[in-house]
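Breakdown of the fold
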Amino acid sequence: MPSPPAEFSGRTPEEELAQRLRRGEEVVLATVIKLDGEPPSQRGAKLLMSRSSALAGTLGCSEFDSAALEDAGGVAATGSPQLRTYRHDLGSIEVYLEPYAPSPALVVFAGTPVGRALARWAPEVGFRAVLVESARELPEHLTEELYVVHTNHDAPDLVEALEAVLPLNPRFIGLVGSRRHTGHHLEALRAKGVPEEVITRIQSPVGLDIGARSAEEIALSILAGLVAVRRGGKGGWKESPNA
């Protein structure tokens, strides 16, 4: 049976929850909503957990915490809140288990004006932004739901950057620029043996057709397109006259 660690961060469950959500992590929050008898707990007690460890707070005793931790993985997997009853010699508690799914990661290559605007605004629409200049700066752990946008079609290592992210099977890959500026990069991928069905998934140009001109407007059009992909919308992508 998994057990809580001996020490927490010192933050309250609410503070730790906010911190973990900012980092895009998956967590489960357990809250006591009802008591029966005189269990070692109180209404409103909270425990924040990952799938395998307690992160902050307590439901009142190690027995309750361990029981909730055993259920955390299953609740996280379903993605739906659930009620559980945990029993103790002195009474029982009813607990509301609320899962928080990991935020999708948006890897933005190149600190261009468009790239910086993307990284700045992405968290406002539910993405965890990762701004990097090259594949060497990619973090070791990225969420399974991954989106990638390269904002500098003149980057000398653009092909290497795409080669690094393709094995991660991103849900979306976009290149800023018309096919006149990006087509040779796609040809380089073909020459390296990347399958055509993978290359055809790379969107270029990228961004919904809203008539965007400034860097901020282009970033807005790209974010709108990413939301459409994520939510299954029917936004219309820009088409390149040189496609």
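Right above here is the structure, for reference.
This write-up is about the structure you can find in this document. (Residues numbered from 1 in each chain as written. Predicted model: local features only at pLDDT ≥ 70, side-chain atom pairs only at ≥ 80, totals over all residues. Heavy atoms only, no water.)

Things to note about the overall build of the protein chain
Helix and strand content of the protein chain: seven helices and 10 strands. Computed over C-alpha atoms, the radius of gyration of the protein chain comes to 23 Å, more than 25% over the 18 Å expected from 2.2 N^0.38 for 243 residues, which places it beyond the range of a compact globule. Summarising its shape, the C-alpha atoms of the protein chain cover approximately 75 × 35 × 30 Å along the three principal directions. Here the contacts in the protein chain between residues at least 6 apart in sequence split such that 62% fall between residues at least 24 apart. Carbon and sulfur atoms form 48% of the exposed surface of the protein chain, whose accessible area is close to 12,500 Å². Counting 25 positive and 32 negative side-chain charges, the protein chain places the centres of these two groups 6 Å from one another. (Helix = DSSP H or I, 4+ residues; strand = E, 2+ residues; numbered from the N terminus. Rg over C-alpha atoms; globule rule 2.2 N^0.38 Å. Contact = heavy atoms within 4.5 Å. Areas by Shrake-Rupley, 256 points an atom, 1.4 Å probe, with all protein chains shown as cover. Lys, Arg positive; Asp, Glu negative; His and termini not counted. Charge placed at Lys NZ, Arg CZ, Asp CG, Glu CD.)

A few points about the nonpolar core
Within the largest apolar cluster, 22 residues are counted, with the highest numbers of intra-cluster contacts made by Val107, Phe109, Val148, Leu162, Leu189 and Ile202. Among the secondary structure elements, those contributing two or more residues to this core are strand S6 (105–109), strand S7 (128–132), strand S8 (146–150), helix H4 (158–165), strand S9 (172–175) and helix H5 (179–191). Ranked by the residues each element gives to this core, the list is headed by H4, at five residues. Beyond its immediate stretch of four places on either side in the chain, Val148 contacts Leu106, Val107, Phe109, Val165, Pro170, Phe172, Ile173 and Gly174. One finds Val28, Phe64, Val75 and Ile93 within the second-largest nonpolar core, a separate group that totals 19 residues. (Core = buried A, V, L, I, M, F, W, Y, C linked by side-chain atoms within 4.5 Å. Buried < 20%, exposed > 50% of the residue type's maximum accessible area, 1.4 Å probe, protein only.)

What to know about the sheet that holds S8
Strand pairing in a sheet takes place through backbone hydrogen bonds and is either antiparallel or parallel in direction. Here we have five strands laid out as an open sheet, ordered S7-S6-S8-S9-S10, and parallel in their pairing. Two strands in the sheet have a free side with no partner beyond their single neighbour: S7 and strand S10 (202–203). Two strands pair when backbone bridges link them, and S6 and S7 are joined in this way by five bridges, in the parallel orientation. Bridge pairing in S7 places Leu106 opposite Ala129. (Pairing = 2+ DSSP bridges.)

Description of helix H2 (residues 62–78)
Note: α-helices contain 3.6 residues per turn, so residues at a spacing of three or four share the same orientation. The terminal C-alpha atoms of H2, which comprises 17 residues, lie 25 Å apart, in line with the 24 Å expected from a rise of 1.5 Å per residue. In the structure, H2 departs most strongly from a straight axis at Ala72, where the bend amounts to approximately 35°. By the burial criterion, the buried members of H2 are Phe64, Asp65, Ser66, Ala68, Leu69, Ala72, Gly73, Val75 and Ala76. Against the buried residues of H2 lie strand S1 (27–37), strand S2 (46–49), strand S3 (54–57), strand S4 (82–88) and strand S5 (91–100). Remark: Gly79 follows H2 within two positions and exhibits a positive phi of approximately 75°. (Expected span 1.5 Å × (residues − 1). Bend = angle between axes of the 7 residues up to and from the residue.)

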